[in-house]
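# Coordinates in review
Listed here are the chains, written in short residue letters.
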Amino acid sequence: MALKLVDFEGSNKKFFLYDTFHGIPEDLATDAEKANTKIKNETLYKNDVLEVVKGVFAPYSRIEFVVGRLPETIALSGIKKIAYASIDLNSAVAEMGVAAEIWDIMTLGGMIVLDDYGFQGHEEQNKAWNNFAKSKGRTILALPTGQGILIR
């Protein structure tokens, strides 16, 4: 949706999609997240997710697919600045690793969309993000959709 709303093809920007494309790493799940992680891995990752995602983004020319675990793969892509990040890792540990990795390279006014911020079953992510935002002197805008927005 973000690419449709802005003139992405008319810009010189790249859009990076990071994912394992094989499921949520279960070793990063906290005890409270383990059951949800297992269910999502068994239901959402049965098909070749990478090929499905590539099909969705086929109309766009500057999409980079980065296969692997986060936050480790961020450094591998050589990104120097980030203006927009949408985070949906279903793991407080992984999301806080990403937050620590990207915060200093986010542009001022850059936006982080937190997909599961306000949803039941994601309380650990919510608490972790609130603590992170507070440590940066920020607050998170909770949306009626259940998402949260954190601005650099």
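Above this text sits the structure in question.
Please read all numbers here as calculations on a predicted model, not as lab measurements.

## Observations regarding the overall build of the chain
- For the chain, the helix and strand inventory stands at 6 helices and 6 strands.
- Across the chain, helices and strands are ordered from the amino to the carboxyl terminus as α-β-α-α-β-α-β-α-β-α-β-β.
- A compact globule built from 152 residues should have a C-alpha radius of gyration of about 15 Å, and the chain, at 15 Å, falls within 12% of that.
- Considering the chain as a whole, with its 152 residues, one finds that 39% of them fall into the buried category.
- Positive and negative side-chain charges in the chain, numbering 17 and 20 respectively, have mean positions lying 7 Å apart.

## Re the packing of helix α5 (residues 92-102) against helix α6 (residues 123-135)
- Look at α5 against α6: their axes get within 9 Å of each other, and the N-to-C directions meet at 25°. Judged by the angle between their axes, α5 and α6 are roughly parallel. Between α5 and α6 the crossing geometry is right-handed. Here Ala92, Glu95, Met96, Ala99 and Ala100 of α5 lie close against α6, whose contacting residues are Glu124, Gln125, Ala128, Trp129 and Phe132.
- The residue makeup of the contact of α5 with α6, split by class, is 7 nonpolar, 1 polar and 2 charged.

## A short note on the packing of aromatic side chains
- Within this structure, the stated rule accounts for 4 aromatic pairs.
- Between Trp103 and Phe132 the ring centres are 5.5 Å apart and the planes differ by 85°, which places this aromatic pair in the edge-to-face class. With Trp103 in the loop between α5 and β4 (106-114) and Phe132 in helix α6, this residue pair connects regions lying 29 residues apart in the sequence.
- Overall, Trp103 belongs to the buried group, its relative accessible area being 4%.
- For Phe132, a relative accessible area of 11% gives the class buried.

## Side note on the pattern of salt bridges
- Per the counting criterion, the structure on display carries 3 salt bridges.
- Here Arg69 ties to Asp27 by a salt bridge, and the two come within 2.9 Å at their closest N and O atoms. You can see Arg69 sitting in the loop between β2 (63-67) and α4 (72-76) and its partner Asp27 sitting in the loop between β1 (15-19) and α2 (34-44), a full 42 residues away along the chain.
- A salt bridge links Glu42 to Lys38; its shortest N-O distance comes to 3.8 Å. Placement of the pair is Glu42 and Lys38 together in helix α2, with a separation of 4 residues, close to one helical turn.
- The exposure class of Lys38 is partly exposed, given its relative accessible area of 47%.

## So, the nonpolar core
- Residues Ile87, Val98, Ile102, Ile112, Trp129, Ile140 and Leu150 are the most contacted members of the largest nonpolar core, which totals 24 residues.
- Among the elements of the structure, β3 (82-87), α5, β4 and α6 are those that each provide at least two residues to this core.
- Top element by residues in this core is α5. It accounts for 4 residues.
- Once you skip the residues sitting within four places of it in the chain, Val98 turns out to touch Leu70, Pro71, Ile74, Ile87 and Leu89.
- One finds Leu17, Val49, Tyr60 and Ile63 within the second-largest nonpolar core, a separate group that totals 11 residues.

Basis of the calculations
- Residues numbered from 1 in each chain as written.
- Predicted model: local features only at pLDDT ≥ 70, side-chain atom pairs only at ≥ 80, totals over all residues.
- Heavy atoms only, no water.
- Helix = DSSP H or I, 4+ residues; strand = E, 2+ residues; numbered from the N terminus.
- Rg over C-alpha atoms; globule rule 2.2 N^0.38 Å.
- Buried < 20%, exposed > 50% of the residue type's maximum accessible area, 1.4 Å probe, protein only.
- Lys, Arg positive; Asp, Glu negative; His and termini not counted.
- Charge placed at Lys NZ, Arg CZ, Asp CG, Glu CD.
- Axes fitted to C-alpha atoms, helices over the stretch in contact; angles between N-to-C directions.
- Parallel < 35°, antiparallel > 145°, perpendicular 65-115°, else oblique.
- Left-handed = near helix turned anticlockwise from the far one by under 90°.
- Contact = heavy atoms within 4.5 Å.
- Nonpolar A, V, L, I, M, F, W, Y, C, P; charged D, E, K, R; others polar.
- Phe/Tyr/Trp six-rings, centres within 6.5 Å; stacked < 30°, edge-to-face > 60°.
- Salt bridge = Lys/Arg side-chain N within 4 Å of Asp/Glu carboxyl O.
- Core = buried A, V, L, I, M, F, W, Y, C linked by side-chain atoms within 4.5 Å.

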